[in-house]
Amino acid sequence: MSWLRALRETTRSGLRVERKRLEPLIALRGAVGLALVIAVSLWAFGPGAAASSAFGAFQAAIATFQRSWRPRPELALASGTSLAVSTFLGYLTISHLVLFLALLVVWTFLAGMSWAAGPTIGLIASSNVAIMLVTVTLPTSVAQAAGHAAMMIVGGLVQAVLIVLFPVRRWGAHRDALADALASEADYARRLHQDPVAPFDPLPLMEARNAAAVTPRQARTRPAELHGTRGLAERIRPVLASLADPAMGVPPEGRARDRVHELLDSAAAILDATAHAIRHGTPVSLPPNAVATFKTPDTGSILTGPPYRAARRLKTLLEDVAETAAGTEEDPPGRLRTLLAVGMRAARGGTGGHSGTLQAQASAPTPTPAPTPGTGNPTPTPTPPKLRPTLLQLIPAALRSMRRELHRGSPITRHATRVTAVAATGYLLGTWLPLGHGYWAPLTSVMVMRPDFSQTYSRAVARFGGTLVGVALATGVVQAAHPGTNLSATLAVISAASMYLLMRTGQMAAQACTAAYVVFLLGMGGEEWTQTVPERVLLTLLGGLLAMLAYAVYPAWETPRLRTRLADWLAALGSYAAAVVSRYADPTADPAADPTTGPDVREALLASRAARASWHEAVARAQDEPVRHRGLSRTAAEDAEDAVAQLGRVAMLMEAHLPDREATPVPAAARFAEALRKATEQGAKAVRERRVPRWDAVREALEAWDGAGIPEGGPEAMVRQGAGLLLNSLTELSEALDTAVPPMTAGGSTKPNGSTKPNGPRNPKDSAARQ
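Residues numbered from 1 in each chain as written. Predicted model: local features only at pLDDT ≥ 70, side-chain atom pairs only at ≥ 80, totals over all residues. Heavy atoms only, no water.

This brings us to the overall build of the protein. For the protein, the helix and strand inventory stands at 31 helices and zero strands. Expressed as a percentage of the 771 residues in the protein, the buried residues total 51%. Here the analysis covers contacts within the protein between residues at least 6 apart in sequence; of these, 79% occur between residues at least 24 apart. Element-wise, carbon and sulfur atoms account for 59% of the exposed surface of the protein, whose accessible area totals about 33800 Å². (Helix = DSSP H or I, 4+ residues; strand = E, 2+ residues; numbered from the N terminus. Buried < 20%, exposed > 50% of the residue type's maximum accessible area, 1.4 Å probe, protein only. Contact = heavy atoms within 4.5 Å. Areas by Shrake-Rupley, 256 points an atom, 1.4 Å probe, with all protein chains shown as cover.)

Take a look at the structure:
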């Protein structure tokens, strides 16, 4: 992409205003907290302290809007406290240019490195540096600076108290994350009806998993319906894919395919109903027709083999999901499945309404059955929640993350270096220029700069455009109304409330409200609009230009790292597929107890999802970068992504039919799994080194796997068929990465360049597997 096109795309992105779901009650709560802090500060301490406390409350409220699964009061307190510390230290050195510049360099570099600990921490740290540049100019003595810092802490404390006293959807974000995961699987089931090999984006499941980690205090108050549903949702996805995929035995047309379509549509309806109940905290109301589909006994006469097993597992999982979403704990095996039975009675027109019965079911606790004598199965205890570290426990983890990124090639380190140099340069230029209020230039730079190119450029454009709009509106109001202290404070609160309400609709709208807020707030302290508006606009433009120039001079492009991201994804998926195949070789293996048996399937799956997310994030960033590809063109990247995704899909289908612990082991699967694991590790190294990976060891392991006499529909037949599909996916990956032009044969066809690009499967059984 050329620079001109990249600038055009980022400009459009920065000026775009999106339609998002507004949260007026949360915005009102933040504005009320800000108004309380300003009113009390004006009455007790005067305009200067009121402005400082207002910045603390303003920033604390912004912190609570960030995407974080932590309790919002903690975010408000952390934001207000960190801003207070920054302001006090800044005031101690502001009278000495060299000392303040040194503090600014250290503080900005640490804020840039804090992005290694996550975007929420990075944004709060960057905002504290930016606001510090304003607030250090307000006190006139060390005692006043300490008082202003204390008022900033009070501002954060007020916002935290309001969140505790007036919670708005206290578990709303967690409910939404889990409901989105179930809704994504419902949509997946409908797409499988149309396309039996439709892809699935696991991002909603990853978000739900992040939301499931809670602090010890949250664990004591978490609603029951948020306890175990996510784990069940994770198991539904491969079962849905296995039921629909023709490779598992259901023909593309006919009675069996029609039955699969009915099951998929009914599963989608049940998942949607469960998602709606979890999102809104209401009792589950299952569609009677969808429930009746799973109760029909005809399924066993229509489906056989793997599809029938998938249908049975899907029915059981949906029962568990509906029961858990109704507010009960995770169920021990053998527990009565009451919800679908109730739904079936309602579908048959039995006595009692379905919804009313479910409400009674949800409100009445279900007793845990006693262990059956002689079974050897004790009553299982509830699964302990995933605990998230507290804020104090997070500090060492954040420092370790920053330490890991502190090396020359890290994009986080490059970002920290860029933003530090720009902040120092902007502050010096703003000080030397005869405009006054020179802090606007570094403030703008720190606020707009991000570790990637597209966000930095789009935010720079949005901030300048929003500043023009906000300053123009605020100036018009000031000239027309000539507000005094109280009216200026009121207008500042209104501007902040508008920013809280519109901040998720686009950067330009948020920056316009922020610009108006600052103009009114400084006007409350006695500054005329003519003292702030002209230099603010010019210095905002200077800060934005410095930020954009810094990224052009010292970039951290994602395009050259695409091969590394692809290699990481390939290695992670290879480990996942090998772990799945290994379970067929030894169904009794327990990797948690014996690490020599190989990685756990679940852990390998999570690692592959993280690698996939990193790949897609890198591709999205690379699309807007004004650089040419370096070894991986867009076409090659798309083809390689399809091949690697197919590798993961085959492994997922095999996981859906993992054998029971009593199943017969398949020794040949162990040899294939080991060959697959080593080959994908070596293949990932080849991808990083811009070589075409070879899969000779995997092919030889498959050819040595004698398929004669394997009964149809058994575990060995399934794992061997899956092994052939895995090899086909790896072969397609090599074909996608082999961009050399193959020579023409005498017959006019092409043949591979050397032996790195196979001309079709060498094993006839692989050809059958591909079909």
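There is more to say after this.
This paragraph deals with the pattern of salt bridges. Overall, the coordinates contain 23 salt bridges when judged by the stated rule. Among the ionic pairs, Glu23 bridges to Arg504, the shortest N-O distance being 3.2 Å. Here Glu23, found in the loop between helix H1 (3-15) and helix H2 (24-44), pairs with Arg504, found in the loop between helix H22 (485-502) and helix H23 (507-524); they are 481 residues apart in sequence, far enough to count as distant. In this structure, Glu689 and Arg691 form a salt bridge, with 2.8 Å as the shortest nitrogen-oxygen distance. Residue Glu689 is classed as partly exposed on the basis of its relative accessible area of 40%. On the basis of relative accessible area, Arg691 is assigned to the partly exposed category, the value being 42%. (Salt bridge = Lys/Arg side-chain N within 4 Å of Asp/Glu carboxyl O.)

A surface patch of nonpolar side chains, about 550 Å² in accessible area, is lined by Leu77, Leu157, Val161, Val164, Leu165 and Phe166. With four residues, helix H7 (residues 142-165) is the largest single contributor of residues to the nonpolar patch. By the secondary structure assignment, Leu157 is in helix H7. (Patch = residues over 30% accessible without salt bridge, like charges linked within 9 Å, V, L, I, M, F, W, Y side chains within 5 Å.)

A separate point is the side chain of Arg612. Relative to the elements of secondary structure, Arg612 occurs in helix H26 (residues 601-623). Overall, the relative accessible area of 18% leaves Arg612 in the buried class. Residues contacting Arg612, with those up to four places away along its chain left out, are Phe200, Asp201, Pro202 and Trp569.

This part is about the packing of aromatic side chains. Given two aromatic rings, their pairing is described by the distance between the two centres and the angle made by the two planes. Applying the stated criterion across every chain yields a total of 13 aromatic pairs. Summarising the aromatic geometry, the rings of Phe453 and Tyr551 are spaced 5.9 Å apart at their centres and angled 65° between planes, so their arrangement reads as edge-to-face. One end of the pair, Phe453, is in helix H21 (residues 453-481); the other, Tyr551, is in helix H24 (residues 529-553), with 98 residues separating them in the sequence. In this structure Tyr551 comes out as buried when scored by relative accessible area, which is 0%. Joined through ring pairs, the aromatic side chains of Phe55, Phe58, Phe65, Tyr500 and Tyr517 make up one cluster. Over the face of the ring belonging to Tyr551 we find Arg418, whose NZ or CZ atom lies 4.1 Å from the ring centre. (Phe/Tyr/Trp six-rings, centres within 6.5 Å; stacked < 30°, edge-to-face > 60°. Lys NZ or Arg CZ within 6 Å of the ring centre and 35° of its normal.)

Along the chain, Gly436 turns up in the loop between helix H19 (411-432) and helix H20 (440-448). With a relative accessible area of 34%, Gly436 lands in the partly exposed category. If we skip the residues at most four places from it in the chain, Gly436 touches Glu535 and Leu539.

Attention now goes to unusual backbone geometry. Positive phi values are uncommon outside glycine, yet Arg169 reaches one of about 50°. Note on placement: Arg169 falls in the loop between H7 and helix H8 (172-194). For Arg690, which is not a glycine, the phi torsion comes out positive at approximately 65°. Under the relative-accessibility criterion, Arg690 is labelled exposed at 51%.

For H21, spanning 29 residues, the distance from its first C-alpha to its last is 42 Å, which sits close to the expected 42 Å at 1.5 Å a residue. His482, located one to two residues past H21, shows a positive phi value of around 45°. (Expected span 1.5 Å × (residues − 1).)

A few words on the environment of Ala269. Within the secondary structure layout, Ala269 lies in helix H12 (residues 255-280). Along the primary structure Ala269 and Arg190 are separated by 79 residues, whereas in three dimensions their C-alpha atoms are 9.3 Å apart. Among all residues touching Ala269, those that are not within four sequence positions of it are Arg190, Pro287 and Ala290.

What follows is about helix H29 (residues 696-703). Taken together, the buried positions of H29 are occupied by Val698, Arg699, Ala701 and Leu702. Within H29, the buried residues cover an arc of 160° as seen down the axis, which keeps them to one side. (Arc of directions from axis to C-beta.)

In this section: the packing of helix H4 (residues 72-93) against helix H6 (residues 119-135). Packing of H4 against H6 leaves a shortest axis separation of 9 Å and a crossing angle of 40°. Relative to H6, the element H4 lies oblique. For the pair H4 and H6, the sense of crossing is right-handed. Contacts between H4 and H6 involve Leu75, Ser79, Ser82, Leu83, Ser86, Thr87 and Gly90 from the former and Thr120, Ile124, Asn128, Ile131, Met132 and Thr135 from the latter. (Axes fitted to C-alpha atoms, helices over the stretch in contact; angles between N-to-C directions. Parallel < 35°, antiparallel > 145°, perpendicular 65-115°, else oblique. Left-handed = near helix turned anticlockwise from the far one by under 90°.)

All right, on to the packing of H4 against H7 then. The N-to-C vectors of H4 and H7 enclose an angle of 170°; their axes lie 8 Å apart at closest approach. The orientation of H4 relative to H7 falls into the category roughly antiparallel. Facing H4, whose interface residues are Arg72, Pro73, Ala76, Leu77, Gly80, Thr81, Leu83, Ala84, Thr87, Phe88, Tyr91 and Leu92, H7 presents Val142, Ala145, Ala146, Ala149, Met152, Ile153, Gly156, Leu157, Gln159, Ala160, Ile163 and Val164. Classifying every residue of the contact of H4 with H7 by side-chain character gives 18 nonpolar, five polar and one charged. (Nonpolar A, V, L, I, M, F, W, Y, C, P; charged D, E, K, R; others polar.)

Once that is clear, we can look at the side chain of Gln218. Along the chain, the position of Gln218 falls in helix H10 (residues 216-221). Judged by its relative accessible area of 8%, Gln218 is buried. With near-sequence residues (within four places) excluded, Gln218 lies in contact with Trp69, Arg70, Pro71, Trp171 and His174.

In this section: the confidence of the model for the protein. Overall, the prediction assigns the protein a mean pLDDT of 80, with 84% of residues at 70 or greater. Mean pLDDT values for the elements of the protein range from 31 in helix H17 (residues 354-363) up to 93 in helix H5 (residues 97-113). For residues 328-381, every residue scores under 50 in pLDDT, and the model assigns this stretch 66 contacts once sequence neighbours within four places are set aside. Per-residue pLDDT stays below 50 along residues 743-771; that stretch engages in 51 contacts with residues further than four places along the chain or on separate chains. (pLDDT = per-residue confidence, 0-100.)

The next subject is the environment of Gly543. Position of Gly543 among the secondary structure elements: in helix H24. Residues in contact with Gly543, not counting those within four places in the same chain, are Ala441, Thr444 and Ser445.

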